[in-house]
Amino acid sequence: MFSIGDFARHGRVSVRMLRHYDAVGLLRPARVDPHSGYRFYTAEQLARLNRVIALKDLGFTLEQVGVILDEQIDADELRGMLRLRQAELEAALEAARARLNQVGARLRAIETEGRMSTQDVVVKKIPAVRIAELSTVAASFGPHDIGPAIGPLYEELCGRLEAAGVTGFGPGIAYYEDAGKGDGSVLVHAGMTVPEGTVVEGVKVHVLPGIEQAATIVHRGSMDTILPTAQTLARWMDTNGYVSEQYARELYLECPEDRTQWVTEIQEAIVRA
């Protein structure tokens, strides 16, 4: 048998926690010395301890943990619950990482206000181009809504193009429109340039109209950090007496695995104010 201290070390928990589990009836000692009151545990009790900790980490209350253990949940069921919780935590971590990147981008936008050069803005005509696209609705034009919407669209689109045997497609072009619901939602279009004659089931293939006059600027880095570049373009437009006709397009010029090395051209249709 193990003393409570030894059992705590083997179970990677505190003695205080074991005493609490004893008090609430979750994990009773195998033996309690009638004279000293010392608690003793067996190695077999580590299995129950592992289940208590795992279920608690899943978000169950100690009362709920007791009910589940009394129903004698087996290892396969517990493994499935843990995997589900692992997926939830990974999704939450990814969302938190994205929010952190957005906060960083907003901070950089604040720090560089009035200091980023507008000399890199180029006004030019954008030609029409044939694209294959998928679309969906995002709750807003904010990066926290656009990113989770457009990423899966491109994954599905590229998969469908490859499955259909389409070669030589790209670069990607994203464009946006008001969804028309009056709630700020945006229709997100994820497109890839494709050769003439391309036909893919379930994918819209059409000619995206050109832009007669577009203010453009190149952003280098992850799309999570595009805000300062986009706002530099906005300041250039205001300074030079232009207004936007529509949401800006994004032309993905280079998209390596390392997203910090991405090169994206922002294309904003403009007219004189």
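Quick note: structure is the one above.
Remember, it's a predicted structure, so these values are computed and weren't measured experimentally.

Colleague: Requested: an account of the pattern of salt bridges, with residues and values cited.
Modeller: Following the criterion strictly, the structure yields 7 salt bridges and no others. The residue Glu94 makes a salt bridge to Arg97 at a minimum N-O spacing of 2.8 Å. Separated by 3 residues within a single helix, Glu94 and Arg97 lie in helix H5 (residues 75-111), roughly one turn from each other. Glu94 sits in the partly exposed class, given a relative accessible area of 47%. Arg97 gets classed as partly exposed once you look at its relative accessible area, which sits at 40%.

Colleague: Break down helix H3 (residues 45-57) for me, citing the residues and quoting the values.
Modeller: Between the first and last C-alpha of H3 there are 19 Å, a value that for 13 residues agrees with the 18 Å anticipated at 1.5 Å per step. Taken together, the buried positions of H3 are Gln45, Leu49, Val52, Ala54 and Leu55. Gly59 sits one or two positions beyond H3 and adopts a positive phi of about 105°.

Colleague: Quick one: what's the story with the sheet that holds strand E3 (residues 39-41), residue by residue and with numbers?
Modeller: Here we have 3 strands laid out as an open sheet, ordered E1-E3-E2, and antiparallel in their pairing. The open sheet terminates on both sides in strands that have one partner only, identified here as strand E1 (2-3) and strand E2 (31-32). Relative to E3, E2 runs antiparallel, the two being bridged by 2 bridges. Paired with Arg31 across the two strands is Phe40, which belongs to E3.

Calculation rules
Residues numbered from 1 in each chain as written. Predicted model: local features only at pLDDT ≥ 70, side-chain atom pairs only at ≥ 80, totals over all residues. Heavy atoms only, no water. Salt bridge = Lys/Arg side-chain N within 4 Å of Asp/Glu carboxyl O. Helix = DSSP H or I, 4+ residues; strand = E, 2+ residues; numbered from the N terminus. Buried < 20%, exposed > 50% of the residue type's maximum accessible area, 1.4 Å probe, protein only. Expected span 1.5 Å × (residues − 1). Pairing = 2+ DSSP bridges.

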